[in-house]
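Chain by chain, the residues run as shown.
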Amino acid sequence: FKSILYIPGKAPFGMYENYYNTKAALKLYVRKVLITDEFDELIPKYLNFIKGVVDSDDLPLNVSREMLQQHKILKVMGKKLVRKILEMLRKLSEAEQAKKKKKSASEDEDDEDDEDDEDNEVVAADYRKFWDAFGKNIKLGVIEDSTNRNK
């Protein structure tokens, strides 16, 4: 399967008021045919702020949505999507940590790589914005998702 995932810049208004009733914003396609707009079984509730598109060639087209929810391939896709999302977030946090280390090391030296510093500052600022907007969701994920807790 192929997926395009997006983390919005701002948290939607009232995201925590209906935490358990909000739908995931992932669209599920099978062979470029839209199956459903809001498919809750792909990612857990704490990652419901992620927006994106998932296209699979492995799922059958002629099966009802109720039978599709029970399909084994969807469970595998869900695990891989969660892993991909958490890896994306880990890379954001590592970029911020690398920027902090580089900044502390470069206080004594002259700055020669202005472009690289600017890129790292943008990524670090992105992570801070992400954490300010969606940090509560990640904390809820630590509580709810015991299988991915160490990631």
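Residues numbered from 1 in each chain as written. Predicted model: local features only at pLDDT ≥ 70, side-chain atom pairs only at ≥ 80, totals over all residues. Heavy atoms only, no water.

J.: Would you take a moment to explain the pattern of salt bridges for this structure?
T.: Pairing is possible between side chains that carry opposite charge, provided their charged atoms lie close to one another. The full count for this structure, using the stated rule, is 2 salt bridges. We note a salt bridge from R90 to E87, for which the minimum N-O separation is 2.2 Å. Of this pair, R90 and E87 are both found in helix α2 (residues 72-105), 3 residues apart, which corresponds to roughly one turn of the helix. Accessibility expressed as a relative area gives 33% for R90, which makes it partly exposed. (Salt bridge = Lys/Arg side-chain N within 4 Å of Asp/Glu carboxyl O. Helix = DSSP H or I, 4+ residues; strand = E, 2+ residues; numbered from the N terminus. Buried < 20%, exposed > 50% of the residue type's maximum accessible area, 1.4 Å probe, protein only.)

J.: I tried to follow the sheet that holds strand β4 (residues 51-56) on my own but got confused; where do I start?
T.: Sheet strands pair by backbone hydrogen bonding; their relative direction is either parallel or antiparallel. Reading across from one edge, β1-β4-β2-β3 is the order of the 4 strands in this open sheet, with mixed pairing throughout. Where the open sheet ends on each side, the last strands, each with one partner, are β1 (2-6) and β3 (33-36). When the angles between neighbouring strand axes are averaged without regard to direction, this sheet yields 25°. For strand β2 (residues 25-30) and β3, the ladder comprises 3 bridges, and the chain directions are antiparallel. The residue of β3 that forms the bridge with L28 is T36. The sheet contacts of α2 involve β1, β2 and β4, and relative to β1 the element is tilted by about 40°. (Pairing = 2+ DSSP bridges. Axes fitted to C-alpha atoms, helices over the stretch in contact; angles between N-to-C directions. Contact = heavy atoms within 4.5 Å.)

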